[in-house]
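What the coordinates show
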Amino acid sequence: MTIVLNEQDTKFKYEVAEEPGGENIKLCFACGLCTASCPVADIDPEYNPRRIIRMVLLGMRKEVLSSNLPWLCTQCYTCQAHCPQNVKFSDVMKALRNMAVREGYVHPSFMEQVKEIDTFAQELRHQMVLSMVDKKSEEVEVAPAKLAEEALGTLRARS
Amino acid sequence: MELKDGPIGAVLVVGGGIGGIQAALDLAESGYYVYLVEKSPAIGGVMAQLDKTFPTLDCSMCILSPKLIECGRHPNIELLSCSELLEVEGEPGNFRARVLKHPRYVDLAKCTGCGECAEVCPIELPSEFEQSLAARKAIFRPFAQAYPNAFAIEKRERPPCGLTCPAGTNVQGYVALTAKGQYEEALSLIKEKLPIPGVLGRVCPAPCELKCNRTLLEEPIAIRAIKRFVVDTARDESPLPEIEEREEKIAIVGSGPAGLACAYHLRRQGYKVTIFEALPVAGGMLYVGIPEYRLPKDVLEKDIAGIKRLGVEIRTNTPIGTKPTIDDLFQQGYKAVFAAVGAHRSQPLGVPGEDADGVIHGVDFLREISLGKEVKAKGKVAIIGGGDVAIDSARSALRLGAEEVTILYRRTRVEMPAREEEVEAAETEGVKIEYLVAPAEILTEKAKVTGVRCTRMELGEPDASGRRRPIPIPGSEFDLKIDTVVPAVGQAPDVSFLEGSGIRVTQRGTLEVDPVTLETSREGVFAGGDCQTGPWIAIEAVAAGAKAAESIIRYLNHQDLREGRVIEEREPSSVSFVPFGRTKEPRAKMPTIPIEERGSGFKEVELGFSEAVTVKEASRCLACGICSECMQCVAACKANAIDHSMQEETVELRVGAVILSSGFDEFDPTPLNNYGYRKYPNVVTSIEFERMLSASGPFQGELVRCSDRQPPRRVAWIQCVGSRDESLHRGYCSSVCCTYAIKEAIIAGEHVPFELERAIFFMDIRTQGKDFDKFYERGKEQGIDFVRAKVYEVQERDGTGNLLLKYVAEDDKPNTREFDLVVLSVGLQPSPECIALAKRLGIQLNKYGFCHTSEFSPVETSRAGIYVCGAFSGPKDIPETVMQASGAAGAASALLAPARDTLVKKKEYVPEKDVSGEEPRIGVFICQCGINIGGYVAVPEVVEYAKSLPDVVYAGDNLYTCSQDTQEKIKEMIEEHNLNRVIVASCTPRTHEPLFQETIREAGLNKYLFEMANIRDQCSWVHMHEPEKATEKAKDLVKMAVAKARLKEALKPLSIPVNHSALVIGGGIAGMTSALNLADQGFEVHLIERSAGLGGTANRIHYTIDKGDVRTFVSNLAKSVNEHPRIRVYTNAWIVDAYGYVGNFTTEIMRYRGRVIEKIEHGVTIIATGAEEYKPQEYLYGRDPRVLTQLELEDEIARSNPDVVDCANLVMIQCAGSRNGERPYCSRVCCNQAIKNALKLKELKPDMNIYVLYRDMRTYGFYEEHYEKARQMGVIFLLYEPEDKPEVSQIRRDGQYLLRVKGKDPVLGEEVAIDADILALAVPIVPPEEARELAMLYKVPLNADSFFLEAHVKLRPVDFATEGVFVCGLAHAPKAIGESIAQAKAAASRATTVLAKETITAEGIVASVDENICSGCGICEALCPYGAITVDEKEKVAKVNEALCKGCGTCCGACPSGAAQQRGFTADQIISMVTAAVEV
């Protein structure tokens, strides 16, 4: 399918740039460093920061705001720290989430739920690391699933 | 000579890189005196470090080196190396520049560059030139071909160790020598200051160690232990120093460290010294105060023996005081007295029972033991006190068999004055220490000690000593059962000997002296050491002895005792840091004898270091002062060139203009953690890689990795490291990295015998320079993998040294790829020094710290009269730097034209002798080159041999034939022996021939009567392991030179008069700028323009990307040209014929369609014929009115055509008709042109959709900012690949023809299309048809794309091989307006080097044709690269135009009949050499 660029929402990029954190999105020169550094892209080939920015720049409003992609960002800021053009990608993702909520692509509660998932994931990781017995040798076998079970137990007990 | 009220005919050039060199040469050749200020010891800059240059792959050093010599030897260029420009005051044309000259410590006039100093220098440092991949010495020459060919010493302030040592010992020096195993040299350095090194190697508390910068890392160097090893190991067989005997006698009272030191220093100055010692032994406290387990007596005795060996007399058992008195000494003829009696009187405890039997004071106790008296320390011993005497007494008591030894100290461990290590040793041996305990009474029974009544103490407020005062705790008394009490609570000098001497004593009971001079209250009597300071350390006493010696010498010589002396406050050294790259290494531990062996006897406890430990420990030294001043170089330099006492100085220079060519720094990628530079050894910077590739580099050109010295099989280049990166505040493009990476990849491939996997990770390949795109294509053909991706991370694969690169590939997927070696293509940045200089000069910088220039004045800074060239005004490559350098020189030359030739030096020579017809009388001068030749070749034998050769009337050898005194000697020998041929057998003619030629010319001989034999580079150096054969070869080489010299003849180079007017072809910006510059310099200019008006292509340009008003600029320029009295403009003029040569051209022009013919005579020709816009066939151009070229678009914008400025969707396609098979070059300006127009349209209508379809956005240098701005304004950039070009078609919809542009978005991987209202094509710049004709007329070449081809693409970018013809502007290659202007000024500057001369002297070594033999076949004519040969059609012989001939010899080699001969290298001469070489 050919994308006719002048028929896309060519104002979209300006709108994103108006959002807090979106100011530098148009500076992207597509070097790909964000995607190369992204831990989410490492596990999900569909997730690709450079591609998301490109879609914004080309005016693909509906495709971007209705997709899962902005929500997959873990806000680790790795890409943001390395971007040679100071595109604040993590902040752009926040801007897109706000726009998605505002424009009715997702229910406002979804944002809260994602936040809860983030908090939970952080706590889980925290507990998992804490529950590792031996911190000094490399001999000890780390079984994330088992650690997760223990950690979940701890979390449940706390709540 | 300066003109009244006129400008000054001198220019100061800052920076000795290729830019500075070119500017200096142009100016010096144009009649100005030049000061070339270079901060390093040698000129050459970064170009000297490069391996090869792109795109021709010339050896960088090979093309640079002749320039270095030309510049360095130019009589009108004064090179100020190791210097910095401080400030410039005054007006353009009349500046006062202050220059700071740092000391080089090597006399340039004397240094011959032989390198023997560096051989002996013990200090190794990372070589900056080799990018720390190899070492250099503290005395160094940056690189082998450096100019000046002289060494320099790098020195910082004195290091903290040496500054701390009271005696000023050169600690770093002897530590460095020790690290190199030079123990004798180390000892002799120690003995410069220390007369008793053995003693101090054991007992010195080593204040130096406390200040050692190693403490910033871990622990100080074990300096004392190193000294001890040196003293114990070195065979001290050094001959006694030459002592110049003097009459004066001096008496020294006391043979302790102060007395010994004073005696030592006085004796070394020749004075007769007698030491009077009250005790039966010499050494004072060293003998009687320090127990033997710490200082064996034989060590002390050896030190004293060394002092006696100098001739110092020591009279023991001779107390001074009652008889003889001090007065007696003077009566006996002693001219001065130094009192150094020490502090041997013990202080009483002041408690009851102190007189009892069993109480013996510490100093007395130790003295008795030392003197071998029987001393008892039976039973329980209590030592009272906390100083060194207390500890020494306690440990001695143990050794004498005490049952138990307890130290009672009234404060705590923290306040204890004894040295920590001594206290620890005492405790280890079993000494008990009771803290916060003081004796109240010594308990006795029948006047014999039975115990000590003690009081417990607590600490109160600090007292005068700064330590907390002990306060008795009431009622805390307790008794200890003790048999022997040793009070050790202090000692004082015994001053009874002073009675009646008139010498005053202080309240503390010490001798009163002047603290600066150590004079006492009695004239002629000095005092120092413990008797003056109170009990203190030996090294201070040694220092006092030296100080007293200095005072006594001054006193005896009636000099001011105080002048230049102050009370030394040992200021901490400012050198307080750890050099980069030094890691932790623990301090060596001093081995000791086991505890069980210490119980009885006084065996030395510390064993000293082994040699291995010492060397390793000494190698820990950080060399804080860099040069250690060990003086080995001074001893090694046979030319006496080294002077460590040189001081920096500031000079004021009067100059008319200043040119800044201060270059750049490479970006340091260390802070980029993700690339692992300095963390992983196989991640290197591009400049390091240049050195790795270089045949003279750290790996001798073998391509190996740093980690394992194995050849890499896979190499990656990461582009834009420190460029195009706003997160690093370096948003600009460094312009040169893409091409140099391609060059490095190509060269790397040639360095290995296998197929090297090479990948370059880039964002846009920016090969916008002339012929660079072909170079890029060549890289692709060679299999270099170009990957469009920015690498995120480099990580080492454990243990392999291999590197994993993480990036997103073209398929948009995260990828990891393994390499063996990674090169970071680091960007260019201004150096902090340049920024500081610019600030001092008040020059405007841009936001990145580069020098600000404007488009229409590219070599002018913001301050009039100060010009800039090279990378200081922005990243650029060598040819652009050279163009700007010439351009800046041209601008300065125009400013100073009235002062031309006012300050230059013209050399007057004696008339040349006519030696033709004389029998050859040959002088042979054979060089030892220090030991470079003399060490391997038996030079005297070669001299004798030379004398035996035919026609040799003189042969002799010289230590350095190139030294100044030898030049005089050569002249004398020419005179004395009436020599008419001179041979020097030494090094290479490349560097030295001009010097010797100059010398014989000064003696009246024609310079071509000189011959050189290279017996160093080609003999002694390569055969150093076969000295006999080397000698034989040297003889052969001399024999060959003699054979040739016999046939040598004087040559008379042609002198050609110069016509001082110029012809400029082309009336565009370039031509007009050149013409104006030359006219401003006072030369007549003929400007030829084929159209009806001036302006050229610029007439079609309205504004520049920086919003410069091109129209106004061009019309002003044209107005200046038209109105200039010295410029004659010929419009509608066509050149029909041209002939002649440099200085004497004739050009015939036709005007008004053949109606007028004029003949113009001119000295130089500047070709500035410009270029045109290509008329595209592609993308419906000419078939759809909506398709425009960028220039047309600019026109439409300028006239506000609503169809353009109000349109909704505008598309631009880049590289429309270029970078393809037909026109395989980049037109350089089109990306900027597109962005310029896009920005203009966005300004007019911000919501216009603008799409730019591009292959590589080539917004090099600071243009990157505009690219960034265009993106920020919403311009969309769509990448396309050449095999997948955009398609443009007309689509009919709703009764309209849409102009549809189809492409692909590589990020989305989707087809995209735009319905364009306007389509603008970036079309190539093409040369005009007439270029070909002009090329033929002026005998200059064109490149494959029909642009004029310069003489050398790197170093002669505006010259042609044919002298006197120059090129600039678009005729040379596509370029921006600012670049054209710089090049136009450069062409004018280069032309000035001809026009400014009255005559031009051609080369003497030229071809000649024997017309009797020549058949006129014309082979030579076709081959001559300089157009210097023409076959006379009538006479049928070839004629050489000597004015054009460069003496390359091509014709001689090609001539089938042997008619063409090279003067100075005739067949006879060459054959005679060959015969000489092969005959037995």
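Rules and cut-offs
- Residues numbered from 1 in each chain as written.
- Chains lettered and ligands numbered in written order.
- Predicted model: local features only at pLDDT ≥ 70, side-chain atom pairs only at ≥ 80, totals over all residues.
- Heavy atoms only, no water.
- Pairing = 2+ DSSP bridges.
- Helix = DSSP H or I, 4+ residues; strand = E, 2+ residues; numbered from the N terminus.
- Axes fitted to C-alpha atoms, helices over the stretch in contact; angles between N-to-C directions.
- Contact = heavy atoms within 4.5 Å.
- Core = buried A, V, L, I, M, F, W, Y, C linked by side-chain atoms within 4.5 Å.
- Buried < 20%, exposed > 50% of the residue type's maximum accessible area, 1.4 Å probe, protein only.
- Salt bridge = Lys/Arg side-chain N within 4 Å of Asp/Glu carboxyl O.
- Buried area = accessible area lost by both parts, 1.4 Å probe.
- Polar contact = N/O pair within 3.5 Å; in protein donor to acceptor, adjacent residues only side chain to side chain.

Let us look at the sheet that holds strand S55 (residues 1249–1254) of chain B. Pairing between the strands of a sheet is mediated by backbone hydrogen bonds and can be parallel or antiparallel. All names here are of chain B. Judged by pairing direction, the sheet is parallel, and its five strands sit side by side in the order S53-S60-S54-S55-S56 without closing on themselves. Edge strands, defined here as strands with exactly one partner in the open sheet, are strand S53 (1187–1189) and strand S56 (1276–1279). Averaged over all pairs of adjacent strands, the angle between strand axes in this sheet comes to 25 degrees, irrespective of strand direction. Pairing geometry for strand S54 (residues 1209–1213) and S55, over five bridges, is parallel. What sits directly across from Val1211, in S55, is Tyr1251. Packing of helix H35 (residues 1230–1244) onto the sheet brings it into contact with S54, S55 and S56, and relative to S54 it is tilted by some 170 degrees.

As a further point, take the nonpolar core. The biggest cluster of nonpolar side chains holds 95 residues, and the ones touching the most others in it are Ile252, Leu266, Phe338 and Ile552 of chain B. For this core, the leading source of residues is helix H18 (residues 538–556) of chain B, giving 11 residues.

Residue and element names in this part refer to chain B. All chains considered together, the criterion is met by 115 salt bridges over all chains. Arg136 is paired through a salt bridge with Glu128; the nearest N and O atoms lie 2.8 Å apart. Judged by its relative accessible area of 9%, Arg136 falls in the buried class. What makes Glu128 partly exposed here is its relative accessible area of 45%. When the shortest N-O distance is used, the salt bridge between Arg294 and Asp392 registers 2.9 Å. Remark: Asp392 occurs in helix H15 (residues 388–399) and Arg294 occurs in the loop between helix H11 (285–288) and helix H12 (297–309); sequence separation between them is 98 residues. Look at the salt bridges and you will find they share partners, linking Arg724, Asp764, Arg766, Asp773, Arg788, Arg1219, Asp1256, Arg1258, Glu1264 and Glu1281 into a network.

A few words now on the sheet that holds strand S19 (residues 432–434) of chain B. Residue and element names in this part refer to chain B. With parallel pairing, the four strands of this open sheet are ordered in space as S19-S18-S17-S24. The sheet is open, and its two borders are formed by S19 and strand S24 (484–487), each paired with just one other strand. Mean inter-strand twist for the sheet, computed between neighbouring axes without regard to direction, equals 20 degrees. Pairing of strand S18 (residues 404–408) with S19, which is carried by three bridges, proceeds in the parallel orientation. Each bridged residue has a counterpart across the sheet, and for Thr406 the counterpart in S19 is Lys432.

All names here are of chain B. Geometrically, the link from Phe54 to Pro55 is a cis peptide bond, its omega value of -5 degrees lying close to zero. Here Pro55 lies in the loop between strand S3 (52–53) and strand S4 (58–59). Here the residue pair Tyr147 and Pro148 is connected by a cis peptide bond, since its omega of 0 degrees sits within 30 degrees of zero. Its location among the elements puts Pro148 in the loop between strand S10 (139–140) and strand S11 (152–153). Backbone geometry at Met631 places phi at a positive 70 degrees, although glycine is not the residue there. Looking at the element boundaries, Met631 is found in the loop between helix H19 (611–619) and helix H20 (632–636). A positive phi angle, close to 50 degrees, is found at Asp1294, a residue other than glycine. Relative to the helices and strands, Asp1294 resides in the loop between strand S57 (1287–1293) and strand S58 (1296–1305).

A separate point is the interface of chain B and chain A. Between chain B and chain A, the contact holds 43 residues from the first and 40 residues from the second. Interface area for chain B against chain A, summed over the two sides, is near 3500 Å², with a carbon-plus-sulfur share of 53%. Contact with chain A buries surface across chain B, with Tyr792, Arg1271 and Leu1308 of chain B losing the most and accounting together for 18% of the total. Between the two partners, chain B and chain A, sit four salt bridges. Notably, a salt bridge pairs Asp42 of chain A with Lys806 of chain B, separated by 3.1 Å at the nearest N-O pair. The interface formed by chain B and chain A contains 19 residue pairs in polar contact (both at pLDDT 80 or more). Elements represented by at least two residues in the side of chain B that touches chain A include exactly strand S35 (803–808), S55, helix H36 (1264–1272), S56, S58 and strand S59 (1310–1316) of chain B. With six residues, the top contributor of residues to the side of chain B that touches chain A is S59 of chain B.

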